[in-house]
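These are the residues of each chain, in order.
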Protein chains: 2
Amino acid sequence: MITLKGAEVSAKIREQVDELCKGMTGSTPKLAIVRVGERPDDLSYERGALKKMEAFGLLAESFAFPGDISDEDFKREFSKINENPEIQGILLLRPLPEQIREKDIEEMIQPKKDLDGISPVNIAKVFAGDESGFAPCTAEAVVEVLKANEIPMTGKKVIVVGRSMVVGRPLSMLMLKENATVTICHTRTENLKETCKQGDILVAAVGRAKMLDGSYVGTGAVVIDVGINVDENGKLCGDVDFDSLEGIASMATPVPGGVGAVTTAVLAKHLVIAGLSQR
Amino acid sequence: MITLKGAEVSAKIREQVDELCKGMTGSTPKLAIVRVGERPDDLSYERGALKKMEAFGLLAESFAFPGDISDEDFKREFSKINENPEIQGILLLRPLPEQIREKDIEEMIQPKKDLDGISPVNIAKVFAGDESGFAPCTAEAVVEVLKANEIPMTGKKVIVVGRSMVVGRPLSMLMLKENATVTICHTRTENLKETCKQGDILVAAVGRAKMLDGSYVGTGAVVIDVGINVDENGKLCGDVDFDSLEGIASMATPVPGGVGAVTTAVLAKHLVIAGLSQR
């Protein structure tokens, strides 16, 4: 079984970013990372994103607000970032605390700065297969992993397990754009194992530690693991039991070191595209 | 094989509409049907919609424009309808002629009047499974046919053939909302026949006369035909060869007299919902 390493995909995206930057004059694009509270996974993603932007030669700034900030105060602060011409892209770490109406923020964010595809305009574009918007970075990262490894998608059976707005749904639409035959599975799916086994490509985006093992995988299938969980020993792990795939899957992404590493590279690419469109 | 008749489903929706109307005071909701040019299928759909609104005790008015109207002139006229407080719902017959930028109209239409779900706001809601918006009427009509006939969707394998923004894509999302396991097939799908045969429910929305016959259908499956085509003898027909299903499918919708009759009933229901929200 071949391990599909995120770092290699990220390096390829880096080349694309460098290419895009060549034509760029004036100031370097700048990302605003907006965080409310101190959730460990937000902090971890923020660190990863800051590091990646720096590595790619891009600018990034964190805007952190207390976990108990009021809806009104947060909206005022968010507006400033949203309107700031020195910021070309925004990453909002979610979910926001309950007192903030997340829906309002989704509608407020300028689509051209909405690098993670949370605004209705970008969502509608992803749904329609219109590439002029921004798709959620994690969903796009899955497609990038497949493309970078030259894994064909046209006509192939892709099984997506999970139907979230962050991965499952947008990924299904991106896969459709690649001409895959897409099946969306979820908690209510009957005969999940049987269905998963039919996939030429199986994508796990359920958020449950090691939920899928080799018995869910067809011989020779490609397995992409989007999950980031903590196992019973406190160790980072995916939705897939990686070791159990040996001898069954042809290729698979590990966790950590798989899709996660690609997500921030996609974010960087989106930032450069946003930067180019805003000059 | 049981024939699933649209008229019976339409009658059930009529009951819901009457129930909704009970609480309504003041003027009757009014639909604007906006047509550019004289395409026969537009005219046919317009007649059907006018008839249905009248039958349901609702108001409707046609706004027809010459096929060569300029982008600018059409937008000015469309704006008037869009802003008219006496009109609570709009049905835009599409596709529009090439000189009109349809994308702009999709963004112009007020989501609360957008009964056929063409605005980004409504599209994003359908994608997210948020029922506060309007889904495209034809896609919703398919779900109504299944519900009215008490055909379970939860956990079931639904195969949708076709990935248009009018039916295939939104229908897949509506089916997901009903907890079905959804597979989206299209022209590039490998082994289409095999995949279709696995469906507990098979929905044809391809727009090709009698493309699917009994050999694509699993024993006991439910077949929903969204197609409206003309066969080699000039007769109206669906995407499915209805007669070939006998002895294979358990139930199927005919064309005409199937989904089409339900679509305008859904439009009427949307109009009443729009009317209630605009007072």
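Residues numbered from 1 in each chain as written. Chains lettered and ligands numbered in written order. Predicted model: local features only at pLDDT ≥ 70, side-chain atom pairs only at ≥ 80, totals over all residues. Heavy atoms only, no water.

K.L.:
How should I be thinking about the overall build of chain A in this particular structure?
P.N.:
Of regular secondary structure, chain A possesses nine helices and 11 strands. In terms of C-alpha radius of gyration, chain A reaches 19 Å, essentially the compact-globule figure of 19 Å for 279 residues. For chain A, the spread of C-alpha atoms along the principal axes amounts to about 50 × 45 × 35 Å. Looking at chain A residue by residue over its 279 residues, the buried ones come to 54%. (Helix = DSSP H or I, 4+ residues; strand = E, 2+ residues; numbered from the N terminus. Rg over C-alpha atoms; globule rule 2.2 N^0.38 Å. Buried < 20%, exposed > 50% of the residue type's maximum accessible area, 1.4 Å probe, protein only.)

K.L.:
How should I be thinking about the interface of chain A and chain B in this particular structure?
P.N.:
It is common to give the size of an interface as the accessible area that goes away when the parts come together. Counting residues at the interface gives 32 residues for chain A, matched by 32 residues for chain B. Taken together, the two surfaces of chain A and chain B that pack against each other cover about 3000 Å², and 57% of this comes from carbon and sulfur. Among the residues of chain A in contact with chain B, Phe 127, Arg 169 and Leu 176 of chain A are the three that bury the most area, contributing 23% of the side total. Counting the contacts that link chain A with chain B gives two salt bridges. Its salt-bridge partner being Glu 190 of chain A, residue Lys 156 of chain B comes within 3.2 Å of it at the nearest N-O pair. There are 17 residue pairs in polar contact (both at pLDDT 80 or more) connecting chain A and chain B. Of all elements in the fold, only α5 (120-128), α7 (168-177) and β6 (181-185) of chain A reach the threshold of two or more residues within the side of chain A that touches chain B. (Contact = heavy atoms within 4.5 Å. Buried area = accessible area lost by both parts, 1.4 Å probe. Salt bridge = Lys/Arg side-chain N within 4 Å of Asp/Glu carboxyl O. Polar contact = N/O pair within 3.5 Å; in protein donor to acceptor, adjacent residues only side chain to side chain.)

K.L.:
When you look at the packing of helix α6 (residues 137-148) of chain A against α7 of chain A in this model, what are you seeing that I'm missing?
P.N.:
The angle between the axes and the distance between the axes are what describe a pair of packed helices. Residues and elements named next belong to chain A. In contact at an axis separation of 8 Å, α6 and α7 are set at 40 degrees when each is read in the N-to-C sense. When the axis of α6 is compared with that of α7, the two are oblique. Between α6 and α7 the crossing geometry is right-handed. Together, Ala 139, Glu 140, Val 142, Val 143 and Leu 146 of α6 and Pro 170, Leu 171, Leu 174 and Met 175 of α7 make up the contact between the two elements. Class assignment of the residues belonging to the contact of α6 with α7 gives a composition of eight nonpolar, no polar and one charged. (Axes fitted to C-alpha atoms, helices over the stretch in contact; angles between N-to-C directions. Parallel < 35°, antiparallel > 145°, perpendicular 65-115°, else oblique. Left-handed = near helix turned anticlockwise from the far one by under 90°. Nonpolar A, V, L, I, M, F, W, Y, C, P; charged D, E, K, R; others polar.)

K.L.:
Honestly, the sheet that holds strand β3 (residues 59-65) of chain A in this entry has me stumped. Any pointers?
P.N.:
Paired through their backbone hydrogen bonds, the strands of a sheet run either parallel or antiparallel. Residue and element names in this part refer to chain A. Strand order in this open sheet of three strands is β3-β2-β4, and the pairing throughout is parallel. Lying at the two open borders of the sheet, with one neighbouring strand each, are β3 and β4 (89-92). Here the strands of the sheet are splayed against their neighbours by 20 degrees on average, with no regard to which way each runs. Pairing of strand β2 (residues 30-36) with β3, which is carried by seven bridges, proceeds in the parallel orientation. Looking at the pairing, Lys 30 lines up with Leu 59 of β3. Along the sheet face, helix α9 (residues 259-277) touches β2, β3 and β4 and points at about 125 degrees away from the line of β2. (Pairing = 2+ DSSP bridges.)

K.L.:
Just checking my understanding: could you explain the relation of the copies chain A and chain B for this structure?
P.N.:
One copy of the chain maps onto the second through a rotation around an axis plus a translation along that axis. Overlaying chain A with chain B gives an RMSD of 0.0 Å, the required rotation being 180 degrees about an axis along which the chain moves by 0.0 Å. On this basis, the relationship between the two copies can be described by a two-fold rotation axis. Among all residues of chain A, the one whose C-alpha sits closest to the rotation axis is Thr 183 of chain A, at a distance of 2.0 Å. A symmetric contact is evident, with 100% of the interface residues of chain A recurring at the interface of chain B. (Least-squares fit on C-alpha atoms with pLDDT ≥ 70 in both.)

K.L.:
Whenever I open this one, the nonpolar core confuses me. Can you help?
P.N.:
If you look at soluble globular proteins, the nonpolar side chains tend to sit buried side by side. Among the nonpolar cores identified, the biggest contains 113 residues, and Met 175 and Ile 224 of chain A together with Met 175 and Ile 224 of chain B are the most heavily contacted of them. Residues in contact with Ile 224 of chain A, not counting those within four places in the same chain, are Leu 4, Val 142, Val 145, Leu 146, Ile 201, Leu 202, Val 203, Ala 204, Thr 253 and Val 259 of chain A. (Core = buried A, V, L, I, M, F, W, Y, C linked by side-chain atoms within 4.5 Å.)

K.L.:
I'm lost on the UniProt feature "domain: Tetrahydrofolate dehydrogenase/cyclohydrolase catalytic" (unreviewed entry) in chain A in this one. Help?
P.N.:
If you check UniProt for "domain: Tetrahydrofolate dehydrogenase/cyclohydrolase catalytic" (unreviewed entry), the listed places come out as residues 4-116 of chain A in our numbering. Along residues 4-116 of chain A, the helical share is 47% and the strand share 16%, with 23 Å between the first and last C-alpha atoms. (UniProt positions renumbered as here; feature names shortened; annotations may be inferred.)

K.L.:
Teacher, can you tell me more about helix α6 (residues 137-148) of chain B here?
P.N.:
Two residues of an α-helix separated by three or four positions point the same way, owing to the 3.6 residues in each turn. Residue and element names in this part refer to chain B. Helix length check: α6 (12 residues) gives 16 Å between terminal C-alpha atoms against 16 Å at 1.5 Å per residue, within 8%. Most of α6 is tucked away, with 11 of its 12 residues classed as buried. Cys 137, Thr 138, Ala 139, Glu 140, Ala 141, Val 142, Val 143, Glu 144, Val 145, Leu 146 and Ala 148 are the residues of α6 that are buried. Buried residues along α6 sit in contact with α1 (6-22), α7 (168-177), β7 (201-204), β8 (222-225) and α9 (259-277). (Expected span 1.5 Å × (residues − 1).)

K.L.:
Before we go on, may I ask you to explain the UniProt feature "binding site: NADP(+)" (unreviewed entry) in chain A in this structure?
P.N.:
According to UniProt, the "binding site: NADP(+)" (unreviewed entry) feature falls on Gly 162, Arg 163, Ser 164 and Ile 228 of chain A. Of note, Arg 163 of chain A is situated in the loop between β5 (157-161) and α7. Among the polar contacts listed, one links the side chain of Arg 163 of chain A to the backbone oxygen of Leu 176 of chain B, at a separation of 2.7 Å. Mapped onto the elements of the fold, Ile 228 of chain A is located in the loop between β8 (222-225) and β9 (229-230). Ile 228 of chain A sits in the exposed class, given a relative accessible area of 59%. Leave out the neighbours within four places in its chain, and Ile 228 of chain A touches Leu 236 and Cys 237 of chain A.

K.L.:
I would appreciate a short explanation of the domain arrangement of chain A in the present structure.
P.N.:
If you check the domain split of chain A, you get domain 1 (27-118) and domain 2 (137-260). The centre of domain 1 of chain A, based on its C-alpha atoms, is set 28 Å off from the matching centre of domain 2 of chain A. (Domains from an automatic or database assignment.)

K.L.:
Looking at this structure, I do not really get the packing of α6 of chain A against α9 of chain A. What am I missing?
P.N.:
Residues and elements named next belong to chain A. As a packed pair, α6 and α9 sit with axes 8 Å apart at the nearest point and diverge in direction by 110 degrees. Taken as axis vectors, α6 and α9 run roughly perpendicular relative to one another. Contact residues: α6 offers Cys 137, Thr 138, Glu 140, Ala 141, Val 142, Glu 144 and Val 145, while α9 offers Val 259, Val 262, Thr 263, Val 266, Leu 267, Lys 269 and His 270. Taken together, the residues of the contact of α6 with α9 break down into eight nonpolar, three polar and three charged.

K.L.:
What am I meant to see in helix α1 (residues 6-22) of chain A here?
P.N.:
Residue and element names in this part refer to chain A. The first and last C-alpha atoms of α1 sit 24 Å apart over 17 residues, in line with the 24 Å expected at 1.5 Å per residue. All of the buried residues along α1 are Gly 6, Val 9, Ser 10, Ile 13 and Val 17. Down the axis of α1, the buried set is contained in an arc of 95 degrees. They therefore lie on one face. Facing away from the buried side of α1 by more than 90 degrees, the exposed set consists of Glu 8, Glu 15, Glu 19 and Lys 22. Structurally, α1 contributes buried residues whose contacts are with α2 (40-55), α6 and α9. (Arc of directions from axis to C-beta.)

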